[in-house]
Amino acid sequence: MIMDNCDDDRFLLQRSLRTHPDLKVIGEMDQGDTVLDYLAGKGPFADRARHPIPDVLLVDAVMPQKGAVEILRWLQDHPMPQLTVFVLSGSVFHEECQQLVDMGAKACYEKTGDLDLLNAIVDEIDTFSHTGRFDRSKAPKSFIQGRDARF
């Protein structure tokens, strides 16, 4: 699932994700409140057959309403072990990314319009999703921090 309030960023991420047949996007949302309703199964998202919990949530660090901090804080109170959160940010610094990782994100990446770099980020997310480990041999230069990462 993709959570980002920028149409262009969601489009580029979708484009890159399509090159990975094992990664299927089950939803795109541009509001943190809607993502929390989805994860909680509230309202129109109550039917889990139609609205399953994603394995991976790609979340923009900074959103107008609720961003990565609020999503991660909610997940601390409502654990979903099957859900892995990766943060993409256009404006968060190393210390803030470390805080997001400490709160439960697996990694924090700098947003990019460079498709090769974005593909490298998605490659790493795909590898982590299948192995539970980061492959640092092809580490994206925009990689900021990751829990359990091997540097």
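Look a little higher up for the structure.
Residues numbered from 1 in each chain as written. Predicted model: local features only at pLDDT ≥ 70, side-chain atom pairs only at ≥ 80, totals over all residues. Heavy atoms only, no water.

J.: Could you clarify how one ought to interpret the layout of surface pockets in this entry?
T.: Space left empty within the atom packing is revealed by a probe, the size of a water molecule, rolled over the atoms. In this model, the largest pocket occupies a volume close to 380 Å³. The wall of the largest pocket is formed by 19 residues, among which Leu23, Lys24, Asp55, Val56 and Ser129 lie closest to the centre. Those elements giving two or more residues to the lining of the largest pocket turn out to be strand S3 (56-60), strand S4 (84-89) and helix H5 (115-131). Grouping the constituent residues of the lining of the largest pocket by class yields twelve nonpolar, four polar and three charged. Roughly 210 Å³ of internal volume is contained in the second largest pocket. Contributing to the lining of the second largest pocket are Leu72, Leu75, Gln76, Pro79, Met80, Pro81, Leu83, Thr84, Val85, Met103, Gly104 and Lys106. For the lining of the second largest pocket, the elements supplying multiple residues, two or more each, are helix H3 (68-77) and S4. (1 Å grid on protein atoms, 1.4 Å probe; cavity = no way out; pocket = protein on both sides within 12 Å on 5 of 7 lines; lining within 4 Å. Points joined across faces, edges and corners; volume = space filled by probe spheres on them. Helix = DSSP H or I, 4+ residues; strand = E, 2+ residues; numbered from the N terminus. Nonpolar A, V, L, I, M, F, W, Y, C, P; charged D, E, K, R; others polar.)

J.: Explain the environment of Ile26 to me, please; I cannot follow it from the model alone.
T.: Note on placement: Ile26 falls in the loop between helix H1 (7-17) and strand S2 (28-29). The class of Ile26 is partly exposed, set by a relative accessible area of 35%. Separated by 26 residues in sequence, Ile26 and Pro52 have C-alpha atoms that sit 8.2 Å apart. Residues in contact with Ile26, not counting those within four places in the same chain, are Met1, Tyr38, Pro52, Ile53 and Pro54. (Buried < 20%, exposed > 50% of the residue type's maximum accessible area, 1.4 Å probe, protein only. Contact = heavy atoms within 4.5 Å.)

J.: I keep staring at the nonpolar core and nothing clicks. Help me out?
T.: Where a protein is soluble and globular, its nonpolar side chains tend to be buried together. The biggest cluster of nonpolar side chains holds 26 residues, and the ones touching the most others in it are Leu39, Leu57, Val59, Ile71, Leu75, Val85 and Val87. Among the secondary structure elements, those contributing two or more residues to this core are helix H2 (32-40), S3, H3, S4 and helix H4 (94-102). The biggest single contributor to this core is H3, with five residues. Excluding residues that lie within four positions of it along the chain, Val85 makes contacts with Leu57, Val59, Leu72, Leu75, Ala105, Lys106 and Ala107. Counting 17 residues, the second-largest nonpolar core is a separate cluster that includes Ile2, Leu13, Leu118 and Ile121. (Core = buried A, V, L, I, M, F, W, Y, C linked by side-chain atoms within 4.5 Å.)

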